[in-house]
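# A structural walkthrough
Here is how the chains run, residue by residue.
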Amino acid sequence: MALKADLRHFLDEEGNEIELTDQAKAIFRFLVKIVSAVSENIDQPLIYVDLQCRTRADDVSCRGSIEATYIAIGNIEWHCDTCEVSGTISHWQGSMWDKQKRILH
Ligand SMILES: [Zn+2]
């Protein structure tokens, strides 16, 4: 099961978080934590995100940890080290969770 996420779907035109359902909010928090961790450690091949798999949504009971990789320009791939859960995140660059931008600009 792969979750393909486009960060823009959670944001308004100014880059602020839109009104989300509780479940969408949980997923959004999960995604931006991965974005922060990866953009902060962009040179590393595999980034250990300080995040437990079960924080993704209420119905996930796995206690595995999340690992993420910067796979291509603008694309992050992440997976749980224990279960099958994985996904990608796109269009996160330039968002307020992109920790690279202070270095690039
Ligand atoms: Zn898991």
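No experiment lies behind these values; they were computed from the predicted model shown.

## Observations regarding the coordination of the zinc ion
In the first shell of the zinc ion, the protein supplies Cys53 (SG), Cys62 (SG), Cys80 (SG) and Cys83 (SG), at 2.2 to 2.3 Å from the metal. Angles of 106 to 113 degrees at the metal separate the four donor atoms of the zinc ion, which places the site in the tetrahedral class. When the donors of the zinc ion are listed by position in the chain, the intervening gaps give C-x8-C-x17-C-x2-C. With cysteine 53 in the loop between β2 (47–52) and β3 (65–72) and cysteine 80 in strand β4 (residues 75–80), this pair connects stretches of sequence that are 27 residues apart. Of the two residues examined, cysteine 53 and cysteine 80, each falls in the buried class.

## Things to note about the nonpolar core
Leu7, Leu31, Ile34, Ile66, Trp78 and Ile89 are the most contacted members of the largest nonpolar core, which totals 29 residues. Of all elements in the fold, only α1 (22–40), β2, β3 and β4 reach the threshold of two or more residues within this core. Among the elements that line this core, the one with the most residues is α1, at ten residues. With sequence-adjacent residues up to four places away left out, isoleucine 34 is seen in contact with Val49, Leu51, Ile66, Ala68, Ile76, Trp78 and Ile89.

## What to know about the pattern of salt bridges
Tallying each qualifying case throughout the model produces two salt bridges. Aspartate 6 serves as the salt-bridge partner of arginine 8, at 2.9 Å between the closest nitrogen and oxygen. Accessibility expressed as a relative area gives 49% for arginine 8, which makes it partly exposed. Aspartate 6 gets classed as buried once you look at its relative accessible area, which sits at 11%. Salt-bridge contacts for glutamate 17 lead to arginine 29; the nearest nitrogen and oxygen are separated by 3.2 Å. Of this pair, glutamate 17 sits in the loop between β1 (2–6) and α1 while arginine 29 sits in helix α1, placing them twelve residues apart in sequence. Glutamate 17 gets classed as partly exposed once you look at its relative accessible area, which sits at 29%.

## Focus: unusual backbone geometry
For histidine 91, which is not glycine, the phi torsion reads 55 degrees and is therefore positive. Its location among the elements puts histidine 91 in the loop between β5 (86–90) and α2 (101–104).

## What about the sheet that holds β3?
Spatially, five strands are ordered β1-β5-β4-β3-β2 in an open sheet, and the strand pairing comes out mixed. Looking at the sheet topology across the chains shown, the edges are occupied by β1 and β2. Direction aside, neighbouring strands of the sheet carry axes that sit 25 degrees apart on average. Across five bridges, the pairing between β4 and β5 is antiparallel. What sits directly across from asparagine 75, in β5, is serine 90. Running at roughly 155 degrees to β2, α1 makes contact with β1, β2, β3, β4 and β5 of the sheet.

About the cut-offs
- Residues numbered from 1 in each chain as written.
- Predicted model: local features only at pLDDT ≥ 70, side-chain atom pairs only at ≥ 80, totals over all residues.
- Heavy atoms only, no water.
- Donors = N, O, S within 2.8 Å, 3.2 Å for Na, K, Ca; no water.
- Tetrahedral: all angles 85-135°; square planar, octahedral: opposite > 155°, others 65-115°.
- Helix = DSSP H or I, 4+ residues; strand = E, 2+ residues; numbered from the N terminus.
- Buried < 20%, exposed > 50% of the residue type's maximum accessible area, 1.4 Å probe, protein only.
- Core = buried A, V, L, I, M, F, W, Y, C linked by side-chain atoms within 4.5 Å.
- Contact = heavy atoms within 4.5 Å.
- Salt bridge = Lys/Arg side-chain N within 4 Å of Asp/Glu carboxyl O.
- Pairing = 2+ DSSP bridges.
- Axes fitted to C-alpha atoms, helices over the stretch in contact; angles between N-to-C directions.

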